[in-house]
Amino acid sequence: MIDRSGPAADRAALVGLLRETIAAGEEILLAAHVAPDADSLGSALALGLALRRLGARVRVSFDAEPFAVPRTLRFLAGQELLVDPAAIGVAPYLVVTLDADSPARLGRLAAAATAPGTRTVVIDHHPSNTRFGAVNLVDSTAAATSVLAVDVIDALGVPLDVDMAAALYAGLVTDTGSFRSAATTAAEHRLAARLLETGIRHDLISRDLWDDHPFGYVQLLGSVLGRARLEPEHDLVWSWCEQRDLLAAGLAPDEIQGFIDILRSVSDAEVALICRQDSTGWNVSVRSRGGLDVGAVCVTLGGGGHRLAAGFRSTAELVSLMDQVRAALAPATALGAR
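Reading guide: rules and limits
Residues numbered from 1 in each chain as written. Predicted model: local features only at pLDDT ≥ 70, side-chain atom pairs only at ≥ 80, totals over all residues. Heavy atoms only, no water. Helix = DSSP H or I, 4+ residues; strand = E, 2+ residues; numbered from the N terminus. Rg over C-alpha atoms; globule rule 2.2 N^0.38 Å. Buried < 20%, exposed > 50% of the residue type's maximum accessible area, 1.4 Å probe, protein only. Contact = heavy atoms within 4.5 Å. Areas by Shrake-Rupley, 256 points an atom, 1.4 Å probe, with all protein chains shown as cover. Lys, Arg positive; Asp, Glu negative; His and termini not counted. Charge placed at Lys NZ, Arg CZ, Asp CG, Glu CD. Core = buried A, V, L, I, M, F, W, Y, C linked by side-chain atoms within 4.5 Å. Arc of directions from axis to C-beta. Pairing = 2+ DSSP bridges. Salt bridge = Lys/Arg side-chain N within 4 Å of Asp/Glu carboxyl O.

Novice: Can you explain the overall build of the protein chain? Please cite residues and give values.
Specialist: For the protein chain, the helix and strand inventory stands at twelve helices and eleven strands. Since a compact globule built from 338 residues should have a radius of gyration of about 20 Å, the 19 Å found for the protein chain is in line with a globular shape. Taken over the C-alpha atoms alone, the protein chain extends approximately 60 × 40 × 40 Å along its principal axes. Scored against the burial criterion, the 338 residues of the protein chain give a buried share of 53%. Pairs at least 24 residues apart make up 66% of the contacts formed inside the protein chain by residues separated by at least 6 positions. A total accessible area of about 14100 Å² is found for the protein chain, and carbon and sulfur atoms account for 52% of it. Computing the positive centroid from 29 side-chain charges and the negative centroid from 40, the protein chain places the two 1 Å apart.

Structural data, given as structure tokens:
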């Protein structure tokens, strides 16, 4: 287990609540964030499998329309634990949120997490976390929420099996950018080695996550990169993808999450940004090359995240949205030369 003495007391309190709930036969709901990524859903499923091993009544859910696991994550085990948020009636005794920095990130599940009589536990690694739980296992030094999920599983005394390890590895490898992020330390590499020792096929996991796209993906990538705008005066490169673009390409919104990483490779700008439209507005992904705190920028725009990778949501028109971004970037906190 990775030694993180800071949140040790919160981890102990969390494990105590889990054990009490299992002993009482009460239900545990594990809630990933809206339109979950590999770290959020992988952590939830891995913890769900571990709790089921202990005899828990456990369900896993997330808010998405339609309710479906993203195509790139359909290899994850434990999906029999999943339940549509519309089917969650009476709030469970214990709600554990994973990788969500605020109730707003839970979408429809926020009602369950804030219902009277419900105990809510937060497991997260975002610096922008609002500590909205009765217990908050929040460690912004952790490279991924999956790192904290491993700590909890270890504290529960459940040995990692190949299904848990695959889900945790997916979260670890995506949130560290294949171990390229500055948050990656020797501890994360040791954890990766431990997960590999369970027998997971990291090559197949990586293929499912990044290297298995329909032809429409390539076409849409060309369109989105082709319309990119470079604004040296704002140290910004950005682009957008409309809902009709996704429909024409036959893609789900989660399938283009990697576009931002390609745009971030542009050396002419510190900040990269992609706006992705859905039926009710824009999901905006923002990245920094290392010299600007985009997490703080996104907080001012109603979102949050990490210093170098963050996001927010907006219902504004695209022109107005980008004006807001430029205004927020102007006083942004510099992190030093990139």
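Okay, back to it.
Novice: Residue-level account of the nonpolar core, with values.
Specialist: Counting 60 residues, the largest nonpolar core has Ile28, Leu30, Leu47, Leu51 and Val96 as the members making the most contacts within it. Excluding residues that lie within four positions of it along the chain, Leu51 makes contacts with Leu18, Ile22, Ile28, Leu30, Ala56, Val58 and Leu156. The next biggest cluster of nonpolar side chains, apart from the first, holds 24 residues, and it includes Val271, Leu273, Trp282 and Leu292.

Novice: Residue-level account of helix α7 (residues 202–210), with values.
Specialist: Taken as a whole, α7 has its buried residues at Ile205, Ser206 and Leu209. The buried residues of α7 all sit within an arc of 95° when viewed along its axis, so they share a single face. Contact partners of the buried residues in α7: α2 (38–53) and α5 (162–175).

Novice: Before we move on, can you summarise the sheet that holds strand β10 (residues 304–305) with the specific residues and values?
Specialist: Spatial strand order, β6-β7-β8-β9-β11-β10: six strands in an open sheet with mixed pairing. Because the sheet does not close on itself, it has two edges, and the strands there are β6 (229–231) and β10. Here strand β7 (residues 236–241) runs beside strand β8 (residues 271–278); their pairing, made up of six bridges, is parallel. When the bridges of β8 are listed, Cys241 appears paired with Arg276.

Novice: Describe in detail the pattern of salt bridges, supporting the description with residues and values.
Specialist: Overall, the coordinates contain 16 salt bridges when judged by the stated rule. Of the charged contacts, one joins Asp151 and Arg11 as a salt bridge, the two residues approaching to 3.8 Å between their closest N and O atoms. With Asp151 in helix α4 (residues 145–156) and Arg11 in helix α1 (residues 8–24), this pair connects stretches of sequence that are 140 residues apart. Arg11 gets classed as buried once you look at its relative accessible area, which sits at 10%. Of the charged contacts in the structure, one is a salt bridge between Arg194 and Asp154, with a shortest N-O distance of 2.7 Å. Within this pair, whereas Arg194 is found in helix α6 (residues 186–196), its partner Asp154 is found in helix α4, the two being separated by 40 residues in sequence. Shared partners join several salt bridges into a network, and the residues in it are Asp63, Glu65 and Arg108.

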